[in-house]
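So you can see what is in the structure, the chains are spelled out below.
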Amino acid sequence: MTYHTPKLKASRADGPVVPQSVTGRYRRIKWWLLAFCLTVYYGLPFLRWDRGPGRPDQAILLDLADVRFHFFGLEIRPQELYYLTGGLVLATMVLVLLNALAGRVWCGFFCPQTVWTDLFLLVERKIEGDRRDRLRALDAPLTPRRVGLIALKHAVWLLIAAGTGGAFVLYFADAPTLLTDAVTGQASSVAYGMILTLTLTTYGLAGFGREKVCTWMCPWPRLQGAIWDPEALTVNYRDYRGEARMSAKKAAAARAAGLPAGDCVDCNACVAVCPMGIDIRQGPSIACINCGLCVDACDTTMFRIDRERGLIDFDSWTNLERGRRGEERRPARVLRPKTAAIAVAIVALSGGMALSVATRSDLAVGVTHERTPVAVALSDGRVRNAFEVRVTNTLAASESFELRVEGAAPATLAVATRAGSESDAIRIEAGPDETRKVRVSVFGGPDLAGGLTFRLTSLRTGATVTVADRFSLP
Ligand code: SF4
Ligand code: SF4
């Protein structure tokens, strides 16, 4: 199998791709997903989540000022940004799994570039008309009416783009407050800068970039060539059934004369509706986003001429080759060693992350035994070991902790942060997100050599964390 180079201007020789509107199963699914994605994107910042008094109540809040990311009941702290890395790795693995199952199906149905391009195309069609009207207008001289329509289209696009940029910043602060501030001109210049940047990028990418973004800017088409899977359900043209293409009338005559004739009537509907401007009949293309719109277009044609649907369909390359050999097609093999391995890896990673989150502590303590010297013999017969203790307060408020040291002979143990202040516990204060380093001396009898346990207790919650070390003799 080889991919053909995308012809990005297949819809019109010297102009932009102007896709025709289409109705059908996949178009309906895409509309529902578009409505769902936009509702989630615009509505999520206003969803509340009770975290208790004095805590932010926004369900999803990326609080950059406090370096704290809130996702419903989960809070990612500055010391835990590795969870975000884990999340990105997980998202990549899900994309690879989707690709093994159905090619670039993410690109065709869920990707923000697709969702916003579909929305912009809808506006364009409502204002300037469908493909035929637009192609005619593109070749005709400008009239005042057309200038007015173009101006109106760009005004609506800019409004949507501003709404998109505006909604994005709401994830970074309390949404109702920031919305009021932004509308009344009281938001910060950083907020206005972000809104402007996202307005312009949305306007540019969905209004003008469109299929060029999916083919030339996105890394996925490049990856697609490398991770292509012959068992994945991708949109394919069943050439063994469609060729030789000819009009329905000629095909009927050819069949009557016992000559071969395909089901493709060369109506060009599959090319006209393609948002990527490609002709799937030329074979798989790296530009194809698996959106299924050409399937809808071809099914409509097949229905009109009373032929079996599915000349273009989601099918595996293996089945296509089977069809070419005149063999029966087989049901899609969703569970294969590759998909099972990726799914297991996804479950293992997400399970590991969930376990790590569920068992994480608000306290963190690290202990380093000083080596120069490891132990000092004191004139009173005791031995002193020095340690650097690092106490990390992962909370957004100051905390008080108590540090104790436990060993084989507790009666002879004492801790101190300076000479003459020995006691059985020391108190450590740490500010929000602060790591306090404390030099701690541990005193013990000459027979104490062996394991030590440093026990840190939060004086507010009583939560405890321990770390093990050793007591050494000179
Ligand atoms: S060829 Fe078909 S599935 Fe691929 S992008 Fe075009 S319309 Fe979508
Ligand atoms: S829509 Fe179907 S019948 Fe029409 S050109 Fe495409 S493949 Fe052929």
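Residues numbered from 1 in each chain as written. Chains lettered and ligands numbered in written order. Predicted model: local features only at pLDDT ≥ 70, side-chain atom pairs only at ≥ 80, totals over all residues. Heavy atoms only, no water.

(A) Local environment of the nonpolar core. With 32 residues, the main nonpolar core has Val235, Met276, Ile280 and Ile312 as its most contacted residues. Broken down by secondary-structure element, the contributors of at least two residues to this core are helix 1 (25–43), helix 3 (105–109), strand 4 (234–237), helix 13 (269–272), helix 14 (293–304) and strand 5 (312–315). Tallying contributions element by element places helix 14 first for this core, with six residues. Membership of the second largest hydrophobic core comes to 24 residues, among which are Leu363, Val391, Leu403 and Leu456. (Core = buried A, V, L, I, M, F, W, Y, C linked by side-chain atoms within 4.5 Å. Buried < 20%, exposed > 50% of the residue type's maximum accessible area, 1.4 Å probe, protein only. Helix = DSSP H or I, 4+ residues; strand = E, 2+ residues; numbered from the N terminus.)

(B) Summary view of the site of ligand 2. Inspection of the region around ligand 2 gives Tyr237, Cys264, Val265, Asp266, Cys267, Asn268, Cys270, Arg281, Cys298, Met302, Leu311 and Ile312 as its neighbouring residues. Split by residue class, the shell around ligand 2 holds nine nonpolar, one polar and two charged. (Near = heavy atom within 4 Å. Nonpolar A, V, L, I, M, F, W, Y, C, P; charged D, E, K, R; others polar.)

(C) Focus on a nonpolar patch on the surface. On the surface, Phe46, Leu179 and Val183 cluster together to form a nonpolar patch covering roughly 290 Å² of accessible area. Inspection of the secondary structure assignment puts Leu179 in helix 7 (residues 175–183). For Leu179, a relative accessible area of 40% corresponds to the partly exposed category. (Patch = residues over 30% accessible without salt bridge, like charges linked within 9 Å, V, L, I, M, F, W, Y side chains within 5 Å. Areas by Shrake-Rupley, 256 points an atom, 1.4 Å probe, with all protein chains shown as cover. Salt bridge = Lys/Arg side-chain N within 4 Å of Asp/Glu carboxyl O.)

(D) Examining helix 2 (residues 82–102) more closely. With 21 residues, helix 2 ought to run about 30 Å at 1.5 Å a step, and its terminal C-alpha atoms sit 30 Å apart, in line with that. Among the residues of helix 2, those classed as buried are Tyr83, Gly86, Leu90, Met93, Leu97, Asn99, Ala100 and Ala102. Turning to helix 2, the residues buried within the fold contact strand 3 (74–76), helix 3, helix 10 (220–227), strand 4 and helix 16 (337–358). Following helix 2 by one or two positions, Gly103 adopts a phi angle in the positive range, close to 55°. (Expected span 1.5 Å × (residues − 1). Contact = heavy atoms within 4.5 Å.)

(E) Examining the sheet that holds strand 2 (residues 68–71) more closely. The sheet built from three strands is open, its strands ordered 1-2-3 with antiparallel pairing. The sheet is open, and its two borders are formed by strand 1 (60–63) and strand 3, each paired with just one other strand. Neighbouring strand axes in the sheet, compared pairwise and without regard to direction, differ in orientation by 10° on average. In the sheet, strand 1 pairs with strand 2 via four bridges, with the strands oriented antiparallel. Looking across to strand 2, one finds that Leu61 is bridged to His70. (Pairing = 2+ DSSP bridges. Axes fitted to C-alpha atoms, helices over the stretch in contact; angles between N-to-C directions.)

(F) Quick look at the packing of helix 6 (residues 144–169) against helix 8 (residues 189–209). Running from N to C, helix 6 and helix 8 cross one another at 135°; their axes reach a closest spacing of 7 Å. Considered as vectors, helix 6 and helix 8 are oriented oblique to each other. Like other packed secondary-structure pairs, helix 6 and helix 8 cross with a definite hand, here right-handed. Listed contacts from helix 8 to His154, Trp157, Leu158, Ala161, Ala162, Thr164, Gly165, Gly166, Phe168 and Val169 of helix 6 are Ala191, Met194, Ile195, Leu198, Thr199, Thr202, Tyr203, Gly207 and Phe208. (Parallel < 35°, antiparallel > 145°, perpendicular 65-115°, else oblique. Left-handed = near helix turned anticlockwise from the far one by under 90°.)

(G) Region of the structure containing the packing of aromatic side chains. Applying the stated criterion across every chain, the model contains 15 aromatic pairs. Between Trp49 and Phe72, the aromatic rings sit 5.4 Å apart at their centres with planes inclined by 80°, giving edge-to-face as the arrangement. One end of the pair, Trp49, is in the loop between helix 1 and strand 1; the other, Phe72, is in the loop between strand 2 and strand 3, with 23 residues separating them in the sequence. Classification of Trp49 as partly exposed rests on a relative accessible area of 37%. The class of Phe72 is partly exposed, set by a relative accessible area of 30%. One aromatic cluster in this structure is built from Tyr41, Tyr42, Trp116 and Tyr171. Positioned above the aromatic ring of Trp31, the side-chain terminus of Arg27 is 3.7 Å from the ring centre. Its guanidinium or amino end placed over the ring of Phe109, Lys30 lies 5.7 Å from that ring's centre, counting from NZ or CZ. (Phe/Tyr/Trp six-rings, centres within 6.5 Å; stacked < 30°, edge-to-face > 60°. Lys NZ or Arg CZ within 6 Å of the ring centre and 35° of its normal.)

(H) How the structure looks around the site of ligand 1. Taken together, Val235, Cys274, Pro275, Met276, Ile278, Ile280, Cys288, Ile289, Asn290, Cys291, Gly292 and Cys294 make up all the residues around ligand 1. Partitioned by chemical class, the residues of the shell around ligand 1 number 10 nonpolar, two polar and no charged.

(I) Structural view of unusual backbone geometry. Across the junction of Glu243 and Ala244, the peptide omega takes the value -5°, indicating a cis bond. With respect to the element layout, Ala244 can be found in the loop between helix 11 (239–242) and helix 12 (248–256). Omega for the bond connecting Thr372 with Pro373 falls within 30 degrees of zero, at -5°, which places this linkage in the cis form. As for its position among the elements, Pro373 is in the loop between strand 6 (363–369) and strand 7 (376–377). In this structure, Arg210 takes a positive phi of about 40° despite not being glycine.

(J) Fine view of the pattern of salt bridges. Tallying each qualifying case throughout the model produces 38 salt bridges. Between Arg77 and Glu80 there is a salt bridge, with the nearest N and O atoms lying 3.3 Å from each other. In this structure Arg77 comes out as buried when scored by relative accessible area, which is 6%. Among the ionic contacts, a cluster of salt bridges with common partners joins Glu124, Glu128, Arg134, Arg146, Lys153 and Arg210.

(K) View of the sheet that holds strand 11 (residues 426–430). An order of 11-9-13-14 is seen for the four strands of this open sheet, with the pairing classed as antiparallel. Unpaired on one side and paired on the other, strand 11 and strand 14 (464–471) mark the two borders of the sheet. This sheet shows a mean twist of 25° between the axes of neighbouring strands, independent of strand direction. Where strand 9 (residues 399–407) and strand 13 (residues 450–458) come together, seven bridges link them in antiparallel fashion. Its bridge partner being in strand 13, Glu406 is matched across the sheet by Thr453.

Just distances and angles here, no functional claims.
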